[in-house]
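Summary of structural features
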Amino acid sequence: MTQPELTFPLKQFGGRVLRLNRRARIGIVLAFAVFTALVLDRLFTPTFTGDSASGTFAISVFFGVIMYVIGWWQLVGFTGDVPPPSRTLSLYLAFGLLLTVAAVGLLLVSLAALALPS
């Protein structure tokens, strides 16, 4: 039994991303992993101090590595072949784009806070 073909826009976007060269796809996976660690670290670090802050940093790096592995599996591929578009790839790209927007938002808020007079 075959799965019905998905035609929603995010899968079409996933197909376009898969047509990029391998280095560009690796860069996307790397950026999403870094943004995952950045966003999680910024969300939790202000609430903790001292030794617990390094624990939250380790947790955010762990989830960044998880995001990297999933991205490599879905976007880059292990054997050198381009993986086919899938629902998991679409969810990965949607979550990665959401993290990108959150990371840019955090950067803009930080820059605005620096620009405010003290």
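Residues numbered from 1 in each chain as written. Predicted model: local features only at pLDDT ≥ 70, side-chain atom pairs only at ≥ 80, totals over all residues. Heavy atoms only, no water.

**Quick notes on the nonpolar core**
Convention followed: We define a nonpolar core as any set of buried Ala, Val, Leu, Ile, Met, Phe, Trp, Tyr and Cys residues linked to one another through side-chain atoms lying within 4.5 Å. Each residue gets one of three labels from its accessible area relative to the maximum for its type: buried under 20%, exposed over 50%, partly exposed in between, using a 1.4 Å probe on protein chains only. Helical segments are the DSSP runs of H or I of at least four residues, strand segments are the runs of E of at least two, and each set is numbered from the N terminus. Between two residues, a contact is recorded if the distance between any of their heavy atoms is within 4.5 Å.
Core analysis: the largest hydrophobic core is formed by 14 residues, its most contacted members being Val 29, Phe 32, Met 67, Leu 75, Leu 89, Tyr 92 and Leu 93. Of all the secondary-structure elements, those providing two or more residues to this core are helix H1 (9-18), helix H2 (22-44), helix H3 (51-76) and helix H4 (87-115). Top element by residues in this core is H4. It accounts for five residues. Excluding its chain neighbours within four sequence positions, the residues that come into contact with Tyr 92 are Val 29, Phe 32, Met 67, Ile 70, Gly 71 and Leu 75.

**Considerations on the packing of aromatic side chains**
The condition is simple: Two aromatic rings, drawn from Phe, Tyr or Trp (for Trp, its six-membered ring), form a pair once their centres lie within 6.5 Å of each other, and the interplanar angle then sorts them: stacked below 30 degrees, edge-to-face above 60, tilted otherwise.
One pass over the structure, following the stated rule, counts three aromatic pairs. Here the aromatic rings of Tyr 68 and Trp 72 are separated by 5.8 Å at their centres, their planes lie at 40 degrees, and the arrangement is tilted. Within this pair, Tyr 68 and its partner Trp 72 are both found in helix H3, separated by four residues, close to a single helical turn. Using a relative accessible area of 28% as the deciding quantity, one classes Tyr 68 as partly exposed. When its relative accessible area of 19% is taken as the criterion, Trp 72 is described as buried.

**Quick word on a nonpolar patch on the surface**
Note the cut-off: To count toward a patch, a residue needs a relative accessible area over 30% and no salt bridge; like charges are then connected within 9 Å, while nonpolar side chains (Val, Leu, Ile, Met, Phe, Trp, Tyr) are connected within 5 Å. Here the accessible surface of atoms and residues is derived via Shrake-Rupley with a 1.4 Å probe, and residues count as covered only by protein chains that are part of the display. Salt bridge criterion: a side-chain nitrogen from Lys or Arg within 4 Å of a carboxyl oxygen from Asp or Glu.
A grouping of Ile 59, Phe 62, Phe 63, Ile 66, Ile 70, Trp 73 and Phe 78 is seen on the molecular surface, where their side chains present a nonpolar patch of about 720 Å² in accessible area. Along the chain, Trp 73 falls in helix H3.

**Observations regarding the side chain of Arg 25**
Test applied: Neither His nor the chain termini are counted; the positive set is Lys and Arg, and the negative set is Asp and Glu. Residues adjacent in sequence count toward polar contacts only when both atoms are side-chain atoms; beyond that, a polar contact is any pair of N or O atoms within 3.5 Å, and within protein one must be able to donate a hydrogen and the other to accept it.
Tracing the backbone shows Arg 25 in helix H2. Buried and unpaired, Arg 25 has Asp 81 as its nearest opposite-charge partner, separated by 9.0 Å. At 3.4 Å, the side chain of Arg 25 forms a polar contact with the backbone oxygen of Leu 18. Only 3.5 Å separates the side chain of Arg 25 from the backbone oxygen of Val 76, close enough to count as a polar contact.

**Here's the deal with the pattern of salt bridges**
Per the counting criterion, the structure on display carries one salt bridge. Of the charged contacts in the structure, one is a salt bridge between Arg 42 and Asp 41, with a shortest N-O distance of 3.1 Å. For Arg 42, a relative accessible area of 38% gives the class partly exposed. With relative accessibility at 11%, the residue Asp 41 sits in the buried group.

**Notes on the environment of Gly 14**
As for its placement among the helices and strands, Gly 14 is situated in helix H1. Spatially, the C-alpha atom of Gly 14 lies 7.2 Å from that of Leu 93, the residues being 79 residues apart in sequence. Not counting residues up to four positions away in its chain, the partners in contact with Gly 14 are Leu 89 and Leu 93.

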